[in-house]
Amino acid sequence: MLRILLVSILVGLIAPVAVTAAADEAPDWPQYRGPNRDGISAETGLARTWPDAGPQELWRRPIGPAFSSFAAVDRHLYTTESDAEGEYVLKLDPITGENAWRQKIAGTFENNFGNGPRATPTLDGDRLFVVSGSGGLHALRSSDGEALWSVDFKETFGVEQMYFGFSTSPLVLGDRLIVDVGATEGRAMVAFDKATGKVLWQAGEGGAAYGSPILVEVAGEPQLVLANRAGVLGVSPDGKALWSHPWAEGEGVKPSMPIFVEPDRLFVSASYDIGALGLRLGAEGKVEKVWQNKVMRNHFNSSVQVDGMVYGFDNATLKCVDPKTGEQTWAKRGGLGKGSLVYADGLLVLLTETGTLKLVEAKPDAYSEIASAKVLSGRCWTSPTLWDGKVFLRNREEAVAFDLKASGPGGSDPKAAPAASEESRR
Amino acid sequence: MKQFPQRSLSAALLAALLGLALTAASAPAAEMTAEQVVQGYLKATGYDALKGHDTVEIRGTLNFNGIDGPFVLQRKRPGHYRFQSTLEGREGVVGYDGEAAWGSARRGGFRAFDDSATAVLAADEGDFDGPLVKAKEKGHRLELVGTEDIDGTATYHLQVTLAGGKVQHWYLDTSTFLPVRKTTSAEHRRAGEYQRVYYFLEWADYGGVKLPSYYEREDRQHVRSYTLESVEWGKAIDAGVFAMPAAEPATP
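Heads up: these notes are all about the structure in this document. (Residues numbered from 1 in each chain as written. Chains lettered and ligands numbered in written order. Predicted model: local features only at pLDDT ≥ 70, side-chain atom pairs only at ≥ 80, totals over all residues.)

### Focus on the interface of chain B and chain A
- Each partner contributes residues to the interface: chain B has 17 residues there, and chain A has 21 residues.
- When residues of the side of chain B that touches chain A are traced back to their parent elements, those giving at least two are β11 (192-206) and β12 (209-219) of chain B.
- Tallying contributions element by element places β11 of chain B first for the side of chain B that touches chain A, with four residues.
- Here the side of chain B that touches chain A is built from residues that sort into seven nonpolar, four polar and six charged. (Contact = placed C-beta atoms within 7 Å. Helix = DSSP H or I, 4+ residues; strand = E, 2+ residues; numbered from the N terminus. Nonpolar A, V, L, I, M, F, W, Y, C, P; charged D, E, K, R; others polar.)

### Looking at the sheet that holds strand β18 (residues 259-261) of chain A
Residue and element names in this part refer to chain A.
- Spatial ordering of the open sheet is given by β18-β19-β20-β21, a layout of four strands whose pairing is antiparallel. At either end of the open sheet lies a strand with only one pairing partner, and these are β18 and β21 (287-293). Sheet twist, expressed as the mean angle between neighbouring strand axes with direction ignored, is 20 degrees.
- In terms of strand pairing, β18 meets strand β19 (residues 265-270) through three bridges, oriented antiparallel. Across the sheet, I259 pairs through a bridge with F267, a residue of β19. (Pairing = 2+ DSSP bridges. Axes fitted to C-alpha atoms, helices over the stretch in contact; angles between N-to-C directions.)

### What to know about the sheet that holds strand β7 (residues 127-131) of chain A
Residue and element names in this part refer to chain A.
- Spatially, the four strands line up as an open sheet ordered β6-β7-β8-β9, and their pairing is antiparallel. Of all the strands in the sheet, the pair left with one neighbour each is β6 (122-124) and β9 (147-152). Pairs of neighbouring strands in the sheet enclose a mean axial angle of 15 degrees, with direction left out of account.
- Direction of pairing for strand β8 (residues 136-141) relative to β9: antiparallel, over a ladder of five bridges. Its bridge partner lying in β9, H138 is registered against S150.

### Let's talk about the environment of R90 of chain B
All names here are of chain B.
- When you line up the elements, R90 lands in strand β4 (residues 90-96).
- By the C-beta count within 10 Å, which is 12 here, R90 ends up exposed.
- In the structure, R90 is positioned 149 residues away from A239 in sequence and 24 Å away in space, judged by C-alpha atoms. (Buried ≥ 20, exposed ≤ 12 C-beta atoms within 10 Å, placed from the backbone.)

### Quick notes on the nonpolar core
- The biggest cluster of nonpolar side chains holds 108 residues, and the ones touching the most others in it are L347, L348 and V349 of chain A.
- Setting aside residues no more than four positions away along its own chain, L347 of chain A makes contact with L46, L359, V360, E361 and A362 of chain A. (Core = buried A, V, L, I, M, F, W, Y, C linked by C-beta atoms within 7 Å.)

### A word on helix α4 (residues 115-123) of chain B
- Inspection of α4 of chain B places V120, L121, A122 and A123 of chain B among the buried residues, and these make up the whole buried set.
- Contacts from the buried residues of α4 of chain B go to β4, β5 (101-104) and β10 (179-188) of chain B.

Here it is as structure tokens:
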């Protein structure tokens, strides 16, 4: 009884603060795929209809090649770009798109599919951590961009340059920075001291892929989970390898980030004709394969999990899949390409591979598109960032921001049809 | 005499009628043969018009992993094929002159396809009419596997074993007989054999012949889409364009 009373008092004290904070400032999106690295945003109140021209555009600006998405913290955006001289981290004003600072971090990683960094910066207090396309982990001061320390994966761990570039976005865990380095001899996952860059521990096998580590809790215990070229592995926060599960077969397996489905399921997917894997995790490093099939082949962008169902791109088919069984409930094909998506307010906010922004209701029974507008062109492989009712998008040449809360002129008119792009007709 | 309650009788009658209706509706599917499905396909795609043409040139837009570029596809009877595309300033060509297949090499120039890849191309893209037409004469074997739901569309699943032994799977809409999907065998230089998948998403009539006006193709992680913009039947096409250019041979 006393405990209940204490909890009630604490909740009563904390709740008004939380509500005030939520009203005053938008929740941060401090890293790749959002606060929990799962592509889920707490945003609400998104407009359900758009004017014919699409959602209200806030700004549009040139940006150099990179595949990084945006991190949004303390009313600033962070991303990367490249030019012939090197790779850079940018701090932007989210309202105007103008640079606050631009800091060079490395030489330019070059690749047929697009130059520049792949990873998204991770913000932690006044520090920013990012990995260059050529495998350098860089710590910067977020207020002014000053370089604090860096670690070169190739020099320090002897890893080879990957053809598709280093893609891992660092995960902050207390005083540690968890990174998918992909080195041999038990050094797949590495924890660095986030203050100094000193290596604290190394664990697991397998080369790096497209994904980044996630933090989950299984049977009351936290564990770090990573899908890489060898399989899927779990590591305790202090660096003890807990479990691993190999891919059954396949050349060049490069999985995207795993999806954790509470309380104990893991959904892992890879393209290259590999497919998806459903695992059940247990206490003391127990892992069990529940199913494996080709229902979902995420390439570099992961799926999202909403109400126990997974929505994502099976290469160029958008699907809804039950992660407990691996069974598909619907599929939508045509003009989407290898898109990317995040979730907010009952909606999948997705960007097609050729730059059409869509709102799709996250329903397990059928595909239901409610808005569509062509907003970018060219190769759009970067997943959307949602912050403060706005969506931030980019390709290899342009960055653009839209207000997703304002219906805009005609947007609140129920007769206003979604912009019928060439793609949305398919 | 035992009397059935009215409700039960109605339910029984309804069930019987429903059963009859279902049987009637499914009878054609159950009794179809591969040959009948192919006949439906020939009629749906306008084979009578197609067989009157000896050449075709198709122009359109290719999208490869998000990048658009123009393509030109040329075909000439009996078995000549050439597909040329330009993406971000880089030209790519695949050709077949009735004997040898070839394509752009990764490091520039052109390379000859091996026998296996040549046989696959000759039997599929290189076949002006496609492998379902006169399949037996070409040495292909057709089998109607059954009906199958393909992402919500009821289809006839035809298995086509090409003369060379490679297997294709065709899925034809049971109501239109137009293909909605096709899988073919393809080869990856490191990963080996894999399934290439075609998604036929829109069809249009081009001078009495129905062609997929928008379709997509997946090769492992790579996605291509094809949007047709013009189709010209009977265009004079020099047979020389189908042969591998002699100049600038390159190491495969």
